[in-house]
Each structure stands twice: as structure tokens, then as C-alpha cells.
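A structural walkthrough
Residues per chain, in single letters:
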Number of protein chains: 2
Amino acid sequence: MQNRESFIVKLAVDAWFGQIKRVDNLLDELSDEQLLQEIAPGKNSGVYLVGHLAAIHDAMLPLLSLGQKMRPELEEIFINNPDKSPIKKPATSLLRQYWKDANTTLEKHFIKMTTDEWLQKHTAVSEEDFIKQPHRNKLNVLISRTVHVANHYGQMLLLKKGGAQE
Amino acid sequence: MQNRESFIVKLAVDAWFGQIKRVDNLLDELSDEQLLQEIAPGKNSGVYLVGHLAAIHDAMLPLLSLGQKMRPELEEIFINNPDKSPIKKPATSLLRQYWKDANTTLEKHFIKMTTDEWLQKHTAVSEEDFIKQPHRNKLNVLISRTVHVANHYGQMLLLKKGGAQE
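First, a word on scope: everything that follows refers to the structure included in this document. (Residues numbered from 1 in each chain as written. Chains lettered and ligands numbered in written order. Predicted model: local features only at pLDDT ≥ 70, side-chain atom pairs only at ≥ 80, totals over all residues. Heavy atoms only, no water.)

We now examine the environment of Ile77 of chain A. All names here are of chain A. Along the chain, Ile77 turns up in helix 5 (residues 73–80). On a C-alpha basis, the gap between Ile77 and Lys89 in space is 6.9 Å, while along the polypeptide they are 12 residues apart. The contacts of Ile77, once residues within four sequence positions are left out, are Tyr48, Ile87, Lys88, Lys89 and Pro90. (Helix = DSSP H or I, 4+ residues; strand = E, 2+ residues; numbered from the N terminus. Contact = heavy atoms within 4.5 Å.)

Shown next, in the form of C-alpha cells:
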């Protein structure tokens, strides 16, 4: 029953969109100055996390066979290196834009993807391994990236003034 | 194709188990003393977050029609009231246990649940609303609670010594 399958897939896809929306709303609330702060003493800055999320989401394009990275330079700065490295970071306004660009491009693909496509292998797993481990598919990448963005959303929330139980 | 449906559902259920495992591992690493610290200045303590997660997961039992809450007293302390309220909290060792108890009980049910059961309505939505909004089902509760625990995992990670990009 194709309809019920795609209904189940849509729950996961909507959870992704929900998390993107939450981060978007939080970034609208936080000033560039707030984003420059560390989320906790000695930990990552908000700006680093925005760049990190933009880099990870940009990298989902090739991982899901949806195209090339739009900002390949982000990987070195925001995935391979920590916040406190001497590498110069792009301006906060650019990072906000890269975050939006990656998600907008992903969304264009996601809204058209069929269940068959979601269950295809992602590009970081070989054909041989995929036969034995069919759960290493595109939908699973989406779910694990949803969890990943939720991890960092919880952290960025700490940049808001006042208590945060959310 | 029942098999493919349950395969897709299993991706979401496994994501839940993955998050529980990560928090379990983190709690094994963190001492009671570390848990007493605030995740960031003026924000929730680790202990509060453990109690909060235990309370939310315990409340999933009635929400998913799986039974009654085992620790109904947690709601008042860890959901209705913030960390800095004067209400006395249970000992950290007990909260660690309540966290485990809630998840162990949920797991016993989750491993047996069929796709049909996952797509049933949860108890916080009426029959009438569920007809119009069939996505308000048990699987969606699971997905949103997976995101919720990921939010707080990201925060509790800050209690570890050293940087944390993860």
C-alpha cells in the first residue's frame, strides 16, 4: 500500500522540516552579537554552530545524490576544525545565508522524493554493504540529521536570555 | 507491502533507541557532581534535565495507551516547574533509575508494536480530530520525543569536560 508507506515517510520528512523551522525562528530572534557568544563557557560559539549546521546540511546534497556541495569550503572550517582553530570564519551574515541556502535546496528535492527514492542507498555506503544493511538509506540519513540538528538547536537555545527548559 | 512499511517504521524506532543509548552512555560518564552543575550559567542543571526526561518519557506510557505513569509525581517537579523552583527534587541516584525504568518499560512495548498500532491515535487527540489529522498518531509522538531527547542530549553534553562539537 504505497499511500501508507509514503504517509509514514512523510512523518519523518515533516519532522526534518519542523526542526529547520525551529532553528530558522531561533536565528531570527538571535542577534549577530548573541551568536558570537559561546553557548557555555569554553564551548562552541553560536556562529560556529550555524556554520557547522550549514556545512553538514550542504554535505547532504552529495550524500543523498542530489547534487554537489554549494559551499565545499565550509567542511574544513566547520567540520574538520573546532571553533577555537585559527582558521578565519566567514561573516555571520554569510553563514546565516549558507544555512538557508542549503535547506532551501534540500527542500526542493525532499518535497518531490518518492518512497522508493528515500529507501535507496546513500553515497557513503557501498553496493555490497547496502545489500546486507538496507537500513543505510537516504531516509535514515534524514532521520539522523534531524537528530543532529536537534542536538545543536538545544545548545543554541542557551544563547537566548533567561531560563530554557524547552 | 507490510514488510516495507514495518521496515520504514523500524528506522524511526531505532532512532529512538539510538538516542536513549547515547543518553545512557553520557549518564554513565557523568558523575552526580557533574550532573548537579548548570549546563550553562543560569540555565538548567543536568539533574533537572534527567528528571525532566524521565518525566516526559514516563508520560509517554498513558499518551501511547501503554499503561499508567509509574512516577506521576515527576510531572509537577520536572514539567510544570522550572529547575530553580523551591520544590524538593528526588536524589540524583533515584532520577537516574527513573530515567532507566521509563525507557525499559517503553522498550518492552515498542519492540512488539505493529505498524497498525504505531499509526493509531495517541490519547491527547480526540477521535474527531484524528479523522482530520491522522498524522497525530503514536509514531509521530515517538519521532517528536526522539527530537526532544536529542535537544537535551546536546545540552547535557556540555557538562563534559573539554570542547564539544558533537
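Mapping chain A onto chain B leaves a residual RMSD of 0.0 Å; the transformation is a rotation of 180° accompanied by 0.0 Å of translation along its axis. Look at the turn and shift together and you get a two-fold axis relating the two. Of all interface residues in chain A, 96% are interface residues in chain B too; the two copies therefore contact each other through one and the same surface. (Least-squares fit on C-alpha atoms with pLDDT ≥ 70 in both.)

With that settled, consider the interface of chain A and chain B. Contacts between chain A and chain B engage 49 residues on the former and 47 residues on the latter. Interface area, chain A with chain B, both sides summed: about 3,600 Å², of which 58% is carbon and sulfur. Counting across the chain A and chain B interface gives 4 salt bridges. Between Asp116 of chain B and Arg4 of chain A there is a salt bridge; the shortest N-O distance is 2.7 Å. Summed over the shared surface of chain A and chain B, the result is 13 residue pairs in polar contact (both at pLDDT 80 or more). Taken together, the residues of the side of chain A that touches chain B break down into 24 nonpolar, 17 polar and 8 charged. (Buried area = accessible area lost by both parts, 1.4 Å probe. Salt bridge = Lys/Arg side-chain N within 4 Å of Asp/Glu carboxyl O. Polar contact = N/O pair within 3.5 Å; in protein donor to acceptor, adjacent residues only side chain to side chain. Nonpolar A, V, L, I, M, F, W, Y, C, P; charged D, E, K, R; others polar.)

This part is about the nonpolar core. Grouped together as the largest cluster of nonpolar side chains are 96 residues, with contacts concentrated most on Trp99, Phe110 and Leu139 of chain A together with Trp99, Phe110 and Leu139 of chain B. Ignoring sequence-local partners within four residues, the contact set of Leu139 of chain A consists of Val9, Ala12, Trp118 and Leu119 of chain A together with Ile8 and Leu11 of chain B. (Core = buried A, V, L, I, M, F, W, Y, C linked by side-chain atoms within 4.5 Å. Buried < 20%, exposed > 50% of the residue type's maximum accessible area, 1.4 Å probe, protein only.)

A word on helix 9 (residues 138–156) of chain A. Residue and element names in this part refer to chain A. Compared with an ideal rise of 1.5 Å per residue, which puts 19 residues at 27 Å, helix 9 spans 27 Å between its outermost C-alpha atoms and is within 8% of the ideal. Along helix 9, 16 of the 19 residues are buried, which leaves the element largely enclosed by surrounding structure. You can read the cap of helix 9 off the contacts: a side-chain oxygen lies 3.2 Å from the backbone nitrogen of Leu139, and it is on Asn137. (Expected span 1.5 Å × (residues − 1).)

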